[in-house]
Structure formats: structure tokens, C-alpha cells
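What follows is each chain in one-letter form.
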Amino acid sequence: MLAIWSSKHLLPLENVRYNIIVCDGTVLLITSLPPAHAQCSGILSSAVGGAGGIPRTAMCGAPDPQFLPGIEGEEAWAQSSHWWVSGPSRQNVTMDEGGMPLLPDSLVYQIFLSLGPADVLAAGLVCRQWQAVSRDEFLWREQFYRYYQVARDVPRHPAATSWYEEFRRLYDMVPCVEVQTLKEHTDQVLHLSFSHSGYQFASCSKDCTVKIWNNDLTISLLHSADMRPYNWSYTQFSQFNQDDSLLLASGVFLGPHNSSSGEIAVISLDSFALLSRVRNKPYDVFGCWLTETSLISGNLHRIGDITSCSVLWLNNAFQNVESENVNVVKRLFKIQNLNASTIRTVMVADCSRFDSPDLLLDAGNQAGLPCRVFDLGGDSEEEATDPGLHASGSGHVKEGLRRMLDSVLDGHAQLSDCALETKVAELLAQGHTKPPECHSPRNKYLIFTTGCLTYSPHQIGIKQILPHQMTTAGPVLGEGRGSDAFFDALDHVIDVHGHIIGMGLSPDNRYLYVNSRAWPPGSVVADPMQPPPIAEEIDLLVFDLKTMREVKRALRAHRAYTPNDECFFIFLDVSKDFVASGAEDRHGYIWDRHYNICLAKLRHEDVVNSVAFSPQEQELLLTASDDATIKAWRSPRIVRVLQAPRPRPRPRPFFSWFASHKR
């Protein structure tokens, strides 16, 4: 005779779950208890006795150690409850007298399917049969999809060895345990960046300091650079060069509220001396390293009310070069801006690693997604309607401009002042823009935010950097550029139809992750100074820089509340397996890159501005907030290792010690 009873047939106990298995008169009571009920054998016996006349048996307490497999704490990550099996004292109630299991594996498997992950692991401690079933691949596949709510058509991570280990990776190896809070900053902390070795990290803050930290088991402050003597208002961004010998720090100048001027400083990490300072406009270009000793900055030249020109410069980190024949600065690109847009947030991606990514993301079914990537070298649909915009050469440009002005003066075309300025700027740029270069897989990409419809950044521009542009050596300013190539055309543009508030590259540089607050569907920008309202939900988009296609679906969970004109950058970071981002809802978030699921929410007291994974240890994450703190988070696995008691060294015998110290 075999019967299975669920807890609904028993005396209800608060926070207690159990199943009863009756096999040939033997009662197996499997229960998961909170610590407060650890010795409630009488209550459990009463519960069994009240369940439809089932005969009561004495509780035998914890399972006999002789029947336990030698797991030795391996399941500590599950934080399982206490488990008991009810039966005659000192008897293995899971097997008969001949040592054969009372229950077949298939039945134990079906029972385990109804349990949670922690309960399955705890039940696996009862005997070797249950342990074997508790490690069944099909069982953990079901547990995985059910617990993490992953779509069934998503395959297992390509690097995973089993479903059990994959469940454990997402449960036990995500940095979600707060281990340290740093309070040395006195104002909002805006940005965090790790050195490539992971031994140090830097933080920038509204208190106008750049702080450099020593990343050990206990994080400590190494150096603090106050930038107020250089007329800075605050520091906003930092980046280590490739060999971790120099630190780029970007800040904002003191000035009117609407001032856009900033500066980049280069700090030596050997002596912490300030080596050079470079102007940077607008300040939210931030700046970045191109080589170990060369960095990129920006400048902005106004042409009209809503038309401008952004110039990107390559600067030598060491500005004390005295020779007249050695350049310390070189112009990289000159790009036309329309409708009050500007170039911001520059970063460099190395294309050489595209063919060997750390994690290959499957594009999946993207048929329902709108096409976001296009070439700026070609004409848009709007331009195609006007044959004058197809003209090349100065003669055709003048003719197209004349026809358009005649149309406006005759009253056939009704254009606002902004629209007229934009049309004239587009026509004047025709025939004076250098076309994109042929792509080389070994080159680098310069990536930045831009736009063509309004001042809010809603597009991502991509420009290839050629080998001869990687150094400040070469022609002096003004040479190598004819009058017919005044502007540089972009190679690719990604339109996200929303306000971009963050970007980050995967460690292999192949995938670009973008925080965006979407515009309403179908919205049209009629006035460049009045962009559409933006959503509170933040979409985390993913683009493959090799195929120039969007992959995966947008990651969601985090939120932001500021309107267009107050919107600020929220920095994100990407590790081999995870992606993390700050948010205005006082939390940091962590997602798995392969499964597209949110794994953790990290609490702060105010807006979380920046996150940073250790490049050598993705189980360590830092978060920075407007609450003026930096928090360090480690995975439960690492926390257990760090908190595990260290074996005390055995004292040496007295005579051995005495003999070793004899003179």
C-alpha cells in the first residue's frame, strides 16, 4: 500500500511545509521547518496521527549519520531548513531490511518536482538514493526554468556543465551581499571605474575630488585629488589607461548653470602628480583613452542658433613636449550637428576581438523589432524626396539651395526658422563631407551619442579610427584635408527613438549596452527644442557591433523620473556573464546576459549613479549613489569563503621549538 499526503490534510502549522509518504505501513514524514520548530517532534506526531487515522510512529530526530552521504557542507549555498524522516527509531525508513529502496526513483523524482530548490537539496541529505535523485539533470532543468522564470525556448548557457551548476551559479555567484560601505565622499558620488588589474578603482563626486582606492579584502583610500584649485565645479568621470599607469579624470568648470565647458586631467598613478589638463566641451563628452598615452577630447563650435560643429581631438597625455616637430594634439574628426544636437559620451571599441567573444549572444527572433541601425553616408527618406539634396559638387549644391530659397520666398514651402536653418546647413554640407572609409576588422570604433532631430541624445554614432589616426604624429593642423572635405561622415548610426542615458561595452568589446528612456510610439519631433516626453521605465538595449544588429530583448526593471531637460547619465557596466546598472529608484540592478533575467536589486538611500564590476572578479560589484556612499557587494559564495573559520595552527612541541632555538 502506498499513499502520499500533502500538508493540506494535516494539522496546519505556521511556516511549516511537509509531505507524508505511507508505504506498507511505514510512515515517511518529510518536513521543512524553521529553526524555531527544530524539536517539535510531538507536534509532528500529533499532525500525523490526525491525518485520517494514519498510525503514529516515534520521531527519530535527524537522519542517522551512517546513512548520510559525505557532502560535507557542499549545499551550504542553498540555506536549507531542517529535515526529518519519521519512522521506527534507529531504522533507515527509506530502505527495507534487504537494503532496497522503499520508493522507486521515479516516484521520488515526482515528489521532488513539487519541492523548492532548497528543499530538494535538504532531502538529498537523507540517503544516497535521494541524493542521486536530487542531482538529476531533468529535475534541475525544471527547477531552473520555474525558479528563474526563464522562457522554455532559451537554451542553457553554452559554458554550463549541468543544470544544477547553472542554477547554483545564478543563486550563489551574483554579487548581492553588501560587505562594505565607503563614506569618505562628502557629496553625491557620480562615477566609478576599475583599473584593468582590478587592484585599484577611482571615484568621482560632486565634492570635486577624484579618489583612488586600494581594492583589497577591505577597501581602503589610497589618494584623494582635490580639483577645486583648478576652477572645477565637480568631477564626473574617470578611466584608467591600458597599463594602469595613468588616470583620466573629467570634470565640469565653475560657471553659469547653462555652461557646457569642462576639462580633462591626467594623473600619474605612480606619484599622483597632475601631468596635464585638456579643455573638453561640452563637458559630457567625458573623454576616453585611445592608446596608453593618447586620449580623446571634444570641442564645440556654434554655427547658428541650432547648428554647430563638434571637433574630436587626440591629445598626448604628456603635454610638456618642447620640440616644435612633435604634435601634442591632433584633430581626429569634424562632425556637423543639426537641430541643437551635440556629440557626447565618447568611448572606443576594439574590433580585433569581435570573432572571439566571451559570450556569443543569439539574436533570436528579432522580426518584430524595428530596424535601428543605418548608414549616415546614405540619404534618409526625407532627403530622397528632394532632388536637390542628391546633388554633389558645389554647383549642384548652389542650385539646390537656390531652388529651396525660391520655394520659401514664393510661399510654396512653409518652414520655421529652425527648419530653414537645418535645411540650409544640410545643403551646404553636401559635397563638403568626407565619405566613410572602407572597414577593416583590425581597426577601432569611436562610439558616441548624438542626434539629428533634437538636443536630447537619441542616436549612437559610430566612426572607424584608422591606423594612421592612432597617434598625434603626422601632418600638423590644417594639412591633409581639402576644402571639399570639411566634415566627416559617420560609418553607422543607431537610432533608439528615446533619450540615451547610459552606455557600456562588454569586456570583449563586441556588444554595446545602452540605457534608454523611450519616446511614445509614433511620436514626431516638431520642434528641436521640445523633444517628446520620455518614459519612466529604462530600456537596456543590446547591439552587436560586428553585425550592427540589435540582439536580445530590452532588459527592464530599473526606472528614472527626471524630465528631458533634467535627465542625467546613469552609468552601467558589463562583465563576462552579468550586466549591471544604476537607477533613479534608489537601487542598482544586475541581470544575466544570457538569460535576460534580473537577478538582484541593490539598495541605496538615493539615486544610484554608477556601477562597476571588478574586471578580474565579477563576483565583486561597486555601486555609487547620491547618498554620498560607495557600497561593495560580493557573492554569497565569496562571503562564505571569507567568513569561514581559519584552521588554527597547531602549536609546535616544546622540545622541537627549544631545539630550533638552541644556540
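Thresholds, definitions, all that
Residues numbered from 1 in each chain as written. Predicted model: local features only at pLDDT ≥ 70, side-chain atom pairs only at ≥ 80, totals over all residues. Heavy atoms only, no water. Helix = DSSP H or I, 4+ residues; strand = E, 2+ residues; numbered from the N terminus. Buried < 20%, exposed > 50% of the residue type's maximum accessible area, 1.4 Å probe, protein only. Core = buried A, V, L, I, M, F, W, Y, C linked by side-chain atoms within 4.5 Å. Contact = heavy atoms within 4.5 Å. Phe/Tyr/Trp six-rings, centres within 6.5 Å; stacked < 30°, edge-to-face > 60°. Lys NZ or Arg CZ within 6 Å of the ring centre and 35° of its normal. pLDDT = per-residue confidence, 0-100. Salt bridge = Lys/Arg side-chain N within 4 Å of Asp/Glu carboxyl O. Axes fitted to C-alpha atoms, helices over the stretch in contact; angles between N-to-C directions. Parallel < 35°, antiparallel > 145°, perpendicular 65-115°, else oblique. Nonpolar A, V, L, I, M, F, W, Y, C, P; charged D, E, K, R; others polar. Pairing = 2+ DSSP bridges. Expected span 1.5 Å × (residues − 1). Polar contact = N/O pair within 3.5 Å; in protein donor to acceptor, adjacent residues only side chain to side chain.

Looking at unusual backbone geometry
The omega angle of the peptide bond from lysine 281 to proline 282 is -5°, so this bond is cis rather than trans. If you trace the backbone, proline 282 turns up in the loop between strand E13 (274-280) and strand E14 (288-289). Even without being glycine, arginine 586 reaches a positive phi, approximately 70°. Mapped onto the fold, arginine 586 is located in the loop between strand E30 (578-581) and strand E31 (587-592). A residue is classified by how much of its surface remains accessible, and arginine 586, at 39% relative accessible area, is partly exposed.

Some remarks on the nonpolar core
Within the largest apolar cluster, 39 residues are counted, with the highest numbers of intra-cluster contacts made by Phe112, Phe144, Val150 and Ile590. Of all elements in the fold, only helix H2 (105-113), helix H3 (117-123), helix H4 (128-134), helix H5 (137-148), helix H6 (163-172), E30, strand E32 (597-603) and strand E33 (608-614) reach the threshold of two or more residues within this core. Leaving out residues up to four positions away in the same chain, valine 150 has contacts with Phe144, Tyr145, Tyr595 and Ile597. Core analysis: the next-biggest nonpolar cluster, separate from the first, contains 19 residues, Cys351, Val496, Met503 and Met548 among them.

What about the environment of glutamate 437?
Position of glutamate 437 among the secondary structure elements: in the loop between strand E20 (433-434) and strand E21 (444-450). Looking at glutamate 437, the relative accessible area reads 36%, which means it is partly exposed. Separated by 29 residues in the primary sequence, glutamate 437 and leucine 466 have C-alpha atoms spaced 8.5 Å apart.

Some remarks on H6
Where burial is concerned, most of H6 is hidden: 8 out of the 10 residues are buried. If you check which residues of H6 are buried, you get Trp163, Tyr164, Glu166, Phe167, Arg168, Arg169, Leu170 and Asp172.

Thoughts on the packing of aromatic side chains
Applying the stated rule across the entire model yields 24 aromatic pairs. Where phenylalanine 144 meets tyrosine 595, the ring centres are 4.9 Å apart and the plane angle is 55°; that geometry is what we call tilted. Taken together, the residues span a long stretch of sequence, with phenylalanine 144 in helix H5 and tyrosine 595 in the loop between E31 and E32 at a distance of 451 residues. You can call phenylalanine 144 buried: its relative accessible area is 0%. Within the aromatic cluster, the residues linked to one another by ring pairs are Trp140, Phe144, Tyr145, Tyr147, Tyr148, Trp163, Tyr164, Phe167, Tyr171 and Tyr595. Of note, arginine 135 hangs over the ring of tyrosine 164, and the distance from its end group to the ring centre comes to 4.3 Å.

What about the confidence of the model for the protein?
Do not read the predicted coordinates in detail wherever pLDDT is low. Taken residue by residue, the protein gives an average pLDDT of 79. The fraction at 70 or more is 71%. Here residues 79-87 is modelled with pLDDT under 50, and outside its nearest four sequence neighbours on either side it reaches 44 contacts, counting other chains as well.

As for the pattern of salt bridges
Going through the model one piece at a time under the given rule, you end up with 19 salt bridges. Glutamate 166 is paired through a salt bridge with arginine 169; the nearest N and O atoms lie 2.8 Å apart. With glutamate 166 and arginine 169 both in helix H6 and 3 residues apart, the pair spans about one turn of that helix. Among the residues examined, arginine 169 registers a relative accessible area of 12% and is labelled buried. Salt-bridge contacts for arginine 517 lead to glutamate 584; the nearest nitrogen and oxygen are separated by 3.9 Å. Residue arginine 517 is found in strand E26 (residues 511-518), and its partner glutamate 584 is found in the loop between E30 and E31; the two are separated by 67 residues along the sequence. An identical accessibility class is assigned to arginine 517 and glutamate 584; each is buried.

Thoughts on the packing of H6 against helix H10 (residues 636-643)
Orientation of H6 relative to H10, taken along the N-to-C sense of each, is 75°, at an axis distance of 7 Å. If you check the angle between H6 and H10, you find them roughly perpendicular. Contacts from Arg168, Tyr171 and Asp172 in H6 reach Pro636, Arg637 and Arg640 in H10. Among the residues making up the contact of H6 with H10, the classes are represented as 2 nonpolar, no polar and 4 charged.

Things to note about the sheet that holds strand E25 (residues 498-505)
What holds strands together in a sheet is hydrogen bonding between their backbones, with the strands either parallel or antiparallel. If you trace the 4 strands from one edge of the open sheet to the other, you get E25-E26-E27-E28, paired in antiparallel fashion. Each end of this open sheet is capped by a strand with a single partner; those strands are E25 and strand E28 (549-555). Going from strand to strand, the sheet's axes swing by 25° on average, the running direction of each strand aside. In this structure, E25 lies alongside E26, joined through 7 bridges in antiparallel fashion. Bridge pairing in E26 links histidine 499 to arginine 517.

Topic: H5
Here H5 spans 16 Å end to end across 12 residues, near enough to the 16 Å set by a 1.5 Å rise per residue. Considering only its buried residues, H5 is in contact with H2, H3, H4, H6 and E32. Of the residues that open H5, the one with a side-chain oxygen 2.9 Å from the backbone nitrogen of phenylalanine 138 is aspartate 136. A positive phi of about 55° marks glutamine 149, the residue just after H5.

A closer look at the packing of H5 against H6
Closest axis-to-axis distance for the H5/H6 pair is 8 Å, and the angle between their directions is 30°. Taken as axis vectors, H5 and H6 run roughly parallel relative to one another. In contact with Glu137, Trp140, Arg141, Gln143, Phe144, Tyr145, Tyr147 and Tyr148 of H5, H6 contributes Trp163, Tyr164, Glu166, Phe167, Leu170 and Tyr171. Residue classes in the contact of H5 with H6 are distributed as 10 nonpolar, 1 polar and 3 charged.

Comments concerning the side chain of histidine 191
Here histidine 191 is to be found in strand E6 (residues 189-194). At 3.3 Å, the side chain of histidine 191 forms a polar contact with the backbone nitrogen of serine 238.

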